[in-house]
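Residue-level structure breakdown
Here is what each chain is made of, one letter per residue.
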Amino acid sequence: MTPPPADPARAIRDVLLLRLASLMAFPAGAVLMAILERGWLSVAALAAAMLGVSLIERRRVWQALGVEVTTGPQAMLTGLAVRTGLLTGLFVVTLGVLALFRDTALSRQLGWPDLAVIAFSAAIALGTNALSGAMVRIEQRQGPGADPDSIVIEGEIIDRDPR
């Protein structure tokens, strides 16, 4: 029995919504850290988790492409700095808005709420990335004119034939 024809527009929309959820997981975590009145250590740990998820996703895509993965320490430090700056900015803005309505007392340590928010954010990002990648591969296999000698990575067709 053959599967029913897939709607490419719906599949693309679903993949893009999953990618949007993946992109928003860590900024939402930074806002949640501010709401829970956690400290700057939690934001730094959240940025480190964001960098880790990014490296996992890059390795998954690079391995699917057959590319050798090399990541230098300078690239990782730059990535950590950028992510820390982004998440700290969201954290501070959210704290500023919350300070208009209530007193805030930030935590000076890492605790189970920090670990829960970090784990939840990372799980959402990893899960949605894996699901969107799987949806792209399934859509490519079921789509009209599917070529068994090519693969789809993030919407691009990569021909395995080296011609």
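Just so it is clear, the model here is predicted, and its values are computed rather than measured. (Residues numbered from 1 in each chain as written. Predicted model: local features only at pLDDT ≥ 70, side-chain atom pairs only at ≥ 80, totals over all residues. Heavy atoms only, no water.)

A separate point is the nonpolar core. Phe-26, Leu-46, Leu-87 and Phe-91 are the most contacted members of the largest nonpolar core, which totals 18 residues. Every element with two or more residues in this core is listed here: helix H1 (8–35), helix H2 (40–65), helix H3 (73–99) and helix H4 (112–142). The leading source of residues in this core is H2, at six residues. Setting aside residues no more than four positions away along its own chain, Leu-87 makes contact with Phe-26, Pro-27, Ala-30, Val-43, Leu-46, Ala-47 and Met-50. (Core = buried A, V, L, I, M, F, W, Y, C linked by side-chain atoms within 4.5 Å. Buried < 20%, exposed > 50% of the residue type's maximum accessible area, 1.4 Å probe, protein only. Helix = DSSP H or I, 4+ residues; strand = E, 2+ residues; numbered from the N terminus. Contact = heavy atoms within 4.5 Å.)

On the surface, Leu-17, Leu-20, Leu-23 and Met-24 cluster together to form a nonpolar patch covering roughly 420 Å² of accessible area. Within the secondary structure, Leu-23 is located in helix H1. Given a relative accessible area of 60%, Leu-23 falls into the exposed group. (Patch = residues over 30% accessible without salt bridge, like charges linked within 9 Å, V, L, I, M, F, W, Y side chains within 5 Å. Areas by Shrake-Rupley, 256 points an atom, 1.4 Å probe, with all protein chains shown as cover. Salt bridge = Lys/Arg side-chain N within 4 Å of Asp/Glu carboxyl O.)

Another point: the side chain of Arg-38. Secondary-structure assignment places Arg-38 in the loop between H1 and H2. In terms of polar contacts, Arg-38 uses its side chain to reach the side chain of Ser-107, at 3.4 Å. Within the structure, the side chain of Arg-38 is placed 2.8 Å from the side chain of Asp-114, a separation counted as a polar contact. (Polar contact = N/O pair within 3.5 Å; in protein donor to acceptor, adjacent residues only side chain to side chain.)

Glancing now at the confidence of the model for the protein chain. Considering every residue of the protein chain, the mean pLDDT works out to 81; 78% of them sit at 70 or more. Taken element by element, the predicted model of the protein chain shows its lowest mean pLDDT in strand S2 (residues 156–159) (52) and its highest in H3 (91). (pLDDT = per-residue confidence, 0-100.)

Summed over the entire model, instances satisfying the criterion amount to five salt bridges. Asp-114 is the salt-bridge partner of Arg-38, the closest N and O atoms lying 2.8 Å from each other. Of the two residues, Arg-38 sits in the loop between H1 and H2 while Asp-114 sits in helix H4, which places them 76 residues apart along the sequence. The exposure classification of Arg-38 matches that of Asp-114, with both residues buried. When salt bridges that share partners are traced, they join Arg-19, Glu-57 and Arg-60 into one network.

Their axes nearest at 8 Å, the elements H2 and H3 cross at an angle of 130 degrees. Considering the angle they form, H2 stands oblique to H3. H2 and H3 meet at a crossing whose hand is right-handed. Judged by residue contacts, Val-43, Leu-46, Ala-47, Ala-48, Met-50, Leu-51, Ser-54, Leu-55 and Arg-58 of H2 engage Met-76, Gly-79, Leu-80, Arg-83, Thr-84, Leu-86, Leu-87, Thr-88 and Phe-91 from H3. Grouping the constituent residues of the contact of H2 with H3 by class yields 12 nonpolar, four polar and two charged. (Axes fitted to C-alpha atoms, helices over the stretch in contact; angles between N-to-C directions. Parallel < 35°, antiparallel > 145°, perpendicular 65-115°, else oblique. Left-handed = near helix turned anticlockwise from the far one by under 90°. Nonpolar A, V, L, I, M, F, W, Y, C, P; charged D, E, K, R; others polar.)

Mapped onto the elements, Leu-115 comes out in helix H4. For Leu-115, a relative accessible area of 56% puts it in the exposed group.

On to the environment of Gly-79, then. Along the chain, the position of Gly-79 falls in helix H3. Through-space distance from the C-alpha of Gly-79 to that of Ser-54 is 9.4 Å; in sequence the pair is 25 residues apart.

Okay, the layout of surface pockets next. Size it by volume and the largest pocket reaches roughly 260 Å³. Arg-19, Ser-22, Leu-23, Phe-26, Met-50, Val-53, Ser-54, Glu-57, Arg-58, Arg-83, Ala-125 and Asn-129 together form the lining of the largest pocket. Counting residues per element, the lining of the largest pocket draws most heavily on H2, at five residues. Of the residues in the lining of the largest pocket, the class split is five nonpolar, three polar and four charged. (1 Å grid on protein atoms, 1.4 Å probe; cavity = no way out; pocket = protein on both sides within 12 Å on 5 of 7 lines; lining within 4 Å. Points joined across faces, edges and corners; volume = space filled by probe spheres on them.)

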